[in-house]
Amino acid sequence: MNRPDEVWKKEDLARGFIEHVRSAIPMAREQIDIMLKVIASRVPAECSFIDLGCGDGILGRAVRAMYPKSTAYFLDFSQPMIDAALEKAGPADDRLHFLISDYAHPDWTAGVRDAAPFDLIISGFSIHHQPDERKRAIYQEIYALLKPGGLFLNLEHVAPSSPWAEAVSDQLFIDSLWEFEQKRASGRTREEVATEWLGRADRAANLLAPLDDQCEWLRQAGFSDVDCYFKVLELALFGGIKPR
Ligand SMILES: C[S@@+](CC[C@H](N)C(=O)[O-])C[C@H]1O[C@@H](n2cnc3c(N)ncnc32)[C@H](O)[C@@H]1O
């Protein structure tokens, strides 16, 4: 593994995220609820969509639960993550597709080009592993894969506005992770949870960009109606529409 983001290819990191972190993300349920409301407001039920950097497919599964006739492309570069997405997706269905692909390289689009254009592309806590120039290019690539009228939503870890805001965000995460541990009666102390959060293996792989910059990159890529639909400290749901 040469790139910091490739830590996600490790079985233990993938499993740790899925089992101990994902549901403990502050306001995780609310983020998904808002995402679904935004999608329901303009994406047809028989849509086709990509979940980019899908992990265990939590976001794509939520869309499928709302729209069972949708066609889903779950894409991730981590074999353990794609295995988890496959397992959690339920019985095989010709509307479910799983792709191992690395969007660090522009040729990732070749794997989905035959299925394009898409009504919807979603991504959760993933694109922030790319350098800013690549983030901008990925937004352009996503734009090219969407139908006119299609929607892109990025639920993302964005840069804090100051060291103070970063400290507040860390405390929010630690409180939320600790609450999760208490519900599981794991016996772990808040200090242990805090040490693990602040020293986590994927932290070095985070290349966080400010929300405002990212919204501007979406506008420059051609998206209209660019907005942030939900934000709490470093967690933001933002996106836009490809004009008809
Ligand atoms: C923090 S996890 C989030 C997973 C899921 N989207 C969620 O909301 O829970 C980040 C995911 O992005 C994937 N990922 C990171 N960089 C990637 C890349 N260059 N290409 C494809 N997947 C990537 C990781 O393997 C991991 O599954």
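So, a few notes on the structure that sits alongside this text.

Conventions we followed
Residues numbered from 1 in each chain as written. Predicted model: local features only at pLDDT ≥ 70, side-chain atom pairs only at ≥ 80, totals over all residues. Axes fitted to C-alpha atoms, helices over the stretch in contact; angles between N-to-C directions. Helix = DSSP H or I, 4+ residues; strand = E, 2+ residues; numbered from the N terminus. Parallel < 35°, antiparallel > 145°, perpendicular 65-115°, else oblique. Contact = placed C-beta atoms within 7 Å. Nonpolar A, V, L, I, M, F, W, Y, C, P; charged D, E, K, R; others polar. Buried ≥ 20, exposed ≤ 12 C-beta atoms within 10 Å, placed from the backbone. Near = placed C-beta within 6 Å.

Quick look at the packing of helix α1 (residues 11-21) against helix α4 (residues 79-88) now. Between α1 and α4, the shortest axis-to-axis distance is 8 Å and the interhelical angle comes to 45 degrees. When the interaxial angle is binned, α1 and α4 end up oblique. Residues Glu 11, Ala 14, Arg 15 and Ile 18 of α1 touch α4, and the partners they reach there are Pro 80, Met 81 and Ala 84. Residue composition of the contact of α1 with α4, by class: five nonpolar, no polar and two charged.

Tracing the chain through its elements places Asp 5 in the segment before α1. Judged by the 21 C-beta atoms lying within 10 Å of it, Asp 5 is buried. Those residues in contact with Asp 5 that lie beyond four places of it in its chain are His 129 and Ala 205.

Close to the ligand lie 20 residues; Trp 8, Gly 53, Gly 55, Gly 124 and Ser 126 are nearest. Considered class by class, the residues forming the shell around the ligand number 10 nonpolar, six polar and four charged.

The values reported here are purely geometric and, on their own, carry no functional implication.
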